[in-house]
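# An overview of the molecular structure
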Amino acid sequence: MSVTALIVAAGKGERAGGGLPKQYRLLAGRPVLRWAVESLARHPSVQAVRVVIGSGQQELANAALNGMAVGELIEGGAERADSVRAGLAVIDADAVLVHDAARPFCPGSVLDRLVASLEFHEGAAPVLPVGDTLARADGTLDEAVDRNGLVRVQTPQAFRLSSLKAAYDRWSGPSPTDETSVLRAAGMKVAAVEGDPALEKLTRPADFERAEQWLAGRLAPRTGMGFDVHAFAGEGPLMLGGVEVPHERGLSGHSDADVVLHAITDALLGAAALADIGEHFPPSDPRWKGAPSSLFLSHAVELVRRRGAIIDHVDCTIIAEAPKVGPHRDAMRRRIAEVAGLSIEQVSIKATTTEGLGFAGRREGIAAQAVASIRMGILK
Ligand code: CTP
Ligand code: MG
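So, here's what we can say about the structure. (Residues numbered from 1 in each chain as written. Chains lettered and ligands numbered in written order. Predicted model: local features only at pLDDT ≥ 70, side-chain atom pairs only at ≥ 80, totals over all residues. Heavy atoms only, no water.)

Before going further, it helps to spend a moment on the packing of aromatic side chains. Where two aromatic rings form a pair, the distance of their centres and the angle of their planes describe that pair. Scanning all chains against the criterion turns up five aromatic pairs. Taken together, a centroid distance of 4.9 Å and an interplanar angle of 20 degrees make the contact between Phe-105 and Trp-214 stacked. With Phe-105 in the loop between strand E6 (95-100) and helix H4 (108-117) and Trp-214 in helix H7 (residues 205-216), this residue pair connects regions lying 109 residues apart in the sequence. The class for Phe-105 is buried, based on a relative accessible area of 3%. Every member of this aromatic cluster is reached through a ring pair, and the members are Trp-35, Phe-105 and Trp-214. Here the basic side chain of Arg-25 rests over the ring of Phe-208, its NZ or CZ set 3.7 Å away from the ring centre. For the cation-ring pair, Arg-30 lies above Trp-35, with the distance from its terminal atom to the ring centre recorded as 3.9 Å. (Phe/Tyr/Trp six-rings, centres within 6.5 Å; stacked < 30°, edge-to-face > 60°. Helix = DSSP H or I, 4+ residues; strand = E, 2+ residues; numbered from the N terminus. Buried < 20%, exposed > 50% of the residue type's maximum accessible area, 1.4 Å probe, protein only. Lys NZ or Arg CZ within 6 Å of the ring centre and 35° of its normal.)

All right, on to the environment of Asp-207 then. Note on placement: Asp-207 falls in helix H7. Between the alpha carbons of Asp-207 and Ala-61 there is a distance of 22 Å; along the sequence they are 146 residues apart. In contact with Asp-207, not counting residues within four places along its chain, are Lys-201 and Leu-202. (Contact = heavy atoms within 4.5 Å.)

What follows is about unusual backbone geometry. Thr-155 connects to Pro-156 through a cis peptide bond whose omega is 10 degrees. Within the secondary structure, Pro-156 is located in the loop between strand E10 (151-153) and strand E11 (157-160). The amide bond that connects Gly-236 to the next residue, Pro-237, takes the cis arrangement and shows omega of 5 degrees. Relative to the elements of secondary structure, Pro-237 occurs in the loop between strand E13 (220-235) and strand E14 (238-240). One non-glycine residue, Ala-275, adopts positive backbone phi at about 60 degrees. Summarising the element assignment, Ala-275 is placed in the loop between helix H8 (259-271) and helix H9 (277-280). On the basis of relative accessibility, which here comes to 44%, the residue Ala-275 falls in the partly exposed class. For Arg-363, which is not a glycine, the phi torsion comes out positive at approximately 60 degrees. Tracing the chain through its elements places Arg-363 in the loop between helix H12 (358-361) and strand E19 (365-376).

Now for the layout of surface pockets. One number sums up the size of the largest pocket: a volume of about 1100 Å³. In terms of lining, the largest pocket is formed by 38 residues, of which the most central are Gly-11, Arg-15, Lys-22, Arg-80 and Lys-201. When residues of the lining of the largest pocket are traced back to their parent elements, those giving at least two are strand E1 (3-9), helix H3 (80-88) and E10. In terms of residue count, H3 provides more of the lining of the largest pocket than any other element does, three residues in total. Looking at the lining of the largest pocket residue by residue, the class counts come to nine nonpolar, 15 polar and 14 charged. Lining the second largest pocket we find 22 residues, and of these Ala-41, Gly-67, Met-68, Ala-69 and Glu-302 sit closest to its centre. Among the elements that make up the lining of the second largest pocket, the one with the highest residue count is helix H10 (residues 294-306) (five residues). When grouped by side-chain class, the residues that make up the lining of the second largest pocket number 10 nonpolar, five polar and seven charged. Taken together, domain 1 (3-131 + 145-216) and domain 2 (220-376) each give at least three residues to the lining of the second largest pocket, which thus spans both. (1 Å grid on protein atoms, 1.4 Å probe; cavity = no way out; pocket = protein on both sides within 12 Å on 5 of 7 lines; lining within 4 Å. Points joined across faces, edges and corners; volume = space filled by probe spheres on them. Nonpolar A, V, L, I, M, F, W, Y, C, P; charged D, E, K, R; others polar. Domains from an automatic or database assignment.)

Ranked by internal contacts, the top residues of the largest apolar core, which has 40 residues, are Val-260, Ile-264, Leu-268, Ile-336, Ile-366 and Ile-374. Taken together, the elements giving at least two residues each to this core come down to E14, strand E15 (243-245), H8, H10, strand E17 (310-319), helix H11 (329-340), strand E18 (347-352) and E19. Residues Val-70, Leu-97, Ala-101 and Leu-111 belong to the second largest nonpolar core, which totals 31 residues. (Core = buried A, V, L, I, M, F, W, Y, C linked by side-chain atoms within 4.5 Å.)

Next up on the list: the packing of H8 against H10. Across the interface, H8 lies against H10 with an axial gap of 9 Å and an inter-helix angle of 15 degrees. Classified by the angle between their axes, H8 and H10 sit roughly parallel to one another. At the point where H8 passes H10, the crossing takes the left-handed sense. Where H8 approaches H10, its residues Leu-261, His-262, Ile-264, Thr-265, Leu-268 and Leu-269 are matched on the opposing element by Ser-294, Phe-296, Leu-297, Ala-300, Val-301, Leu-303 and Val-304. (Axes fitted to C-alpha atoms, helices over the stretch in contact; angles between N-to-C directions. Parallel < 35°, antiparallel > 145°, perpendicular 65-115°, else oblique. Left-handed = near helix turned anticlockwise from the far one by under 90°.)

With that settled, the discussion passes to the site of ligand 1. Taken together, 19 residues form the shell around ligand 1, and within it Gly-13, Glu-14, Gly-77, Ser-83 and Lys-201 come nearest. Taking Lys-12, its main chain carries an N or O atom lying 3.1 Å from an oxygen atom of ligand 1. Within the contact set of ligand 1, a nitrogen atom lies 3.5 Å away from a backbone nitrogen or oxygen of Arg-80. About the coverage of ligand 1: the protein hides 88% of its 560 Å² of free accessible area. A molecule is said to occupy a pocket when more than half its atoms come within 2 Å of that pocket's grid points, and by this definition ligand 1 occupies the largest pocket. Mapped onto the shell around ligand 1, the elements with two or more residues apiece are E1 and H3. Looking at side-chain class alone, the shell around ligand 1 contains six nonpolar, five polar and eight charged residues. (Near = heavy atom within 4 Å. Polar contact = N/O pair within 3.5 Å; in protein donor to acceptor, adjacent residues only side chain to side chain. Areas by Shrake-Rupley, 256 points an atom, 1.4 Å probe, with all protein chains shown as cover. Sits in = over half its atoms within 2 Å of the grid points.)

As a further point, take the pattern of salt bridges. Applying the stated criterion across every chain, the model contains 14 salt bridges. With a closest N to O distance of 2.4 Å, Arg-30 and Glu-38 form a salt bridge. The burial state of Arg-30 is the same as that of Glu-38; both residues are buried. Shared partners join several salt bridges into a network, and the residues in it are Arg-80, Asp-100, Arg-103 and Glu-179. (Salt bridge = Lys/Arg side-chain N within 4 Å of Asp/Glu carboxyl O.)

The values reported here are purely geometric and, on their own, carry no functional implication.
Below, the structure written as structure tokens:
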């Protein structure tokens, strides 16, 4: 069964305040929308993610989703249901997971339950019991509402795509706030699966504070290190930090021999305890002969992010008598940031000689050392 996640992010976030629409505000340095997309994209059942944005939000959305595979952004409408309909009109899959961008943290266990339920039902939604007493109020309290049998309904909600489309085609009521009501009105059954407090929607200003605290308790800083050496052989130029650097000698290696990218790739893999570059790209595999090392780096970044980690910073020291690194430093930082989906401030490149000592000093090759700082631990 092919599953597409449809994330609606076209709202204005008026109740949350804070200037920017809430889906573009930052939580632990990352936009809410990015968290939401990642938490769905990394689930093995989800083949594609599409995002519905408001008109005029293109730039905000591009910045928030930089480097993520979400296809073309879809333009939403005035009400949430209009945005959902706009998305349904363009996606193609057996099943769809409709999700609010304003719910940034979706545990994989909820997705497991939703997808499993689709085998027996046209739709499924995560629900939580109501803990507090419920009552009507208008300044003062009016009659209590019996909470027995009541639940709070969250997203993502899973549907067979054809069922949800048919149900929306038949819907004639006022704009619904979720899809379960639409499906039920069309006479179809929606399974209730266990929801999760992590899925609480960001609606009001205080919800952001709560989410920050929730995150802080789940992410631990981790550091990885990487080291690589390549020998000089033949003529230059050479690849360093993803940039072609003029030099009389080139570096030999199975790929493009970019020691800087190799060291950074290993540092990132190390930080997430995901083995090393040789494990993922064995030199014995002809696929990597002459490969651009940017491919290794972008793959490592993808693996680390799929593990639920945030990359904070990478720092690399190039150990070489020549060429001079200074004139190329910012080009390398820019290129590495581009490949890794980071900002240039998160990438540092330094260089040193070894005062003529050792293999680097004898100009036999170039070495590079890197460290990567990440935060990891959320949503296993
Ligand atoms: N949404 C949407 N299109 C709309 C309205 C809402 O895609 N026309 C999305 C929001 O971006 C959010 C989700 O639907 O991810 C849930 O809606 P809600 O919490 O009401 O968000 P907003 O409408 O943005 O907030 P508010 O109602 O406070 O303005
Ligand atoms: Mg709204």
